[in-house]
Amino acid sequence: MKIATWNVNSINARLPTILAWLEKAAPDVVCLQEIKCVDEKFPTDAVAELGYEAAVHGQKTYNGVAILSKRGIEDVTCGLPGDDDDEQARYIEAVIPGETSAFRVASIYLPNGNPVDTEKYGYKLKWFERLRMHARGLRALEEPLVLAGDYNAIPRPEDVHDPAAWEGDALFRPETRSAWRALLWEGFTDAFMAVDGRMSQYTFWDYQGGAWQKDHGIRIDHLALSPQAADRLEGVEIDRKARAMEKPSDHVPVIGAFRD
DNA sequence: ATGGTCGCGTAGCGA
């Protein structure tokens, strides 16, 4: 069972690129972020032609998340509990039926939080805390669970090309890194870190300033695994090649392979 | 060098 996460920065602007990648990589499940469209504008038919069923939590212009699955999608829930006034489409969760056991999967688009001296950063930290509390409840189910997405959090200095340049940024502030660790302390494993003997790899390169050409990247797209999912983990791939495709997203897919 | 890159939507915001 291959489960991927990918911030696509508009599903419709990116559609040919996404379809080409899906056809080649052929993951079973894909968690998408920043689809930037309402549910009705999601290219349901185009992904169905490649064998994917879609669960969509869309929003006009901004945000928007979705889950694609070749193995069916059940028990879909949209939105993160903990704030009834939050109207931003940043969370969708579903169950993927499996041959031996089902996988619960969430597609997460955590708020960016910049600039840090505005209410945006407070919103980010509150959202992170809501996610931690929800994850605590899911953890107690003792299921294979993958919390996949764009966390807008750089865990360590090794995960950014120039830590000094990012000091003070909402993606690298101590409070942000602490919130990411607090999520893991609920009993989750950073899938990338669980594979030993490897250098850090980046998942995002800004469109500006030739960041990709200079390899000025950051690692912010993560798979957080429950113990039952971590037990089944066989490998993790960060697909750098996707950043060199035509009309690329500024993020690349992260793919986890699991025994099922 | 007083710009620089995208997407949305058609100005200026968000990333």
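Residues numbered from 1 in each chain as written. Chains lettered and ligands numbered in written order. Predicted model: local features only at pLDDT ≥ 70, side-chain atom pairs only at ≥ 80, totals over all residues. Heavy atoms only, no water.

Draft legend 1. Representation of the sheet that holds strand β6 (residues 91-96) within the structure. Sheet architecture is open: six strands sit in the order β5-β6-β7-β8-β12-β9, paired in mixed fashion. With one partner strand each, in any of the chains shown, β5 (74-78) and β9 (189-190) form the two edges of the open sheet. Taken together, the two bridges between β9 and strand β12 (residues 221-225) define a ladder with antiparallel strand orientation. Following the sheet pairing, Thr189 is matched in β12 by Leu225. Taken strand by strand, helix α3 (residues 119-139) contacts β6, β7 (103-109) and β8 (145-150), and its axis lies near 20° from that of β6. (Pairing = 2+ DSSP bridges. Helix = DSSP H or I, 4+ residues; strand = E, 2+ residues; numbered from the N terminus. Contact = heavy atoms within 4.5 Å. Axes fitted to C-alpha atoms, helices over the stretch in contact; angles between N-to-C directions.)

Draft legend 2. Just the packing of aromatic side chains, in detail. Throughout the structure, instances matching the rule amount to six aromatic pairs. An angle of 35° between the planes, with centres 6.4 Å apart, marks the rings of Phe128 and Tyr151 as tilted. One end of the pair, Phe128, is in helix α3; the other, Tyr151, is in the loop between β8 and α4 (163-166), and 23 residues separate them in sequence. An aromatic cluster is built from Phe128, Tyr151 and Trp180, whose rings are joined through pairwise contacts. (Phe/Tyr/Trp six-rings, centres within 6.5 Å; stacked < 30°, edge-to-face > 60°.)

Draft legend 3. Inspection of the protein's contact with DNA strand B at higher detail. Around DNA strand B, the structure places 15 residues, and the nearest of them are Ser10, Arg14, Lys60, Thr61 and Tyr207. For DNA strand B, the backbone makes up 78% of the atoms found within 4 Å of the protein, where backbone means sugar plus phosphate. Measuring from a phosphate oxygen of DNA strand B, one finds a side-chain N or O atom of Arg14 at 3.1 Å. A distance of 3.3 Å separates a phosphate oxygen of DNA strand B from a polar side-chain atom of Lys60. Taken together, the residues of the surface near DNA strand B sort by class into four nonpolar, five polar and six charged. (Near = heavy atom within 4 Å. Polar contact = N/O pair within 3.5 Å; in protein donor to acceptor, adjacent residues only side chain to side chain. Nonpolar A, V, L, I, M, F, W, Y, C, P; charged D, E, K, R; others polar.)

Draft legend 4. Molecular detail of the sheet that holds strand β4 (residues 65-69). Here six strands make up an open sheet; going across it, the order is β3-β4-β2-β1-β14-β13 and the pairing mixed. Unpaired on one side and paired on the other, β3 (53-57) and β13 (233-238) mark the two borders of the sheet. The average angle at which neighbouring strand axes cross in this sheet is 15°, direction not considered. Pairing of strand β1 (residues 2-7) with strand β14 (residues 254-258), which is carried by four bridges, proceeds in the antiparallel orientation. Opposite Thr5, over in β14, you have Val254 as the bridge partner. Seen against the sheet, helix α1 (residues 15-25) touches β1, β2 (29-33), β4 and β14 and runs at an angle of roughly 165° to β1.

Draft legend 5. Focus on a negative patch on the surface. Taken together, Asp83, Asp84, Asp85 and Glu87 make up a surface patch of like negative charges. The topology assignment puts Glu87 in the loop between β5 and β6. (Patch = residues over 30% accessible without salt bridge, like charges linked within 9 Å, V, L, I, M, F, W, Y side chains within 5 Å. Areas by Shrake-Rupley, 256 points an atom, 1.4 Å probe, with all protein chains shown as cover. Salt bridge = Lys/Arg side-chain N within 4 Å of Asp/Glu carboxyl O. Lys, Arg positive; Asp, Glu negative; His and termini not counted. Charge placed at Lys NZ, Arg CZ, Asp CG, Glu CD.)

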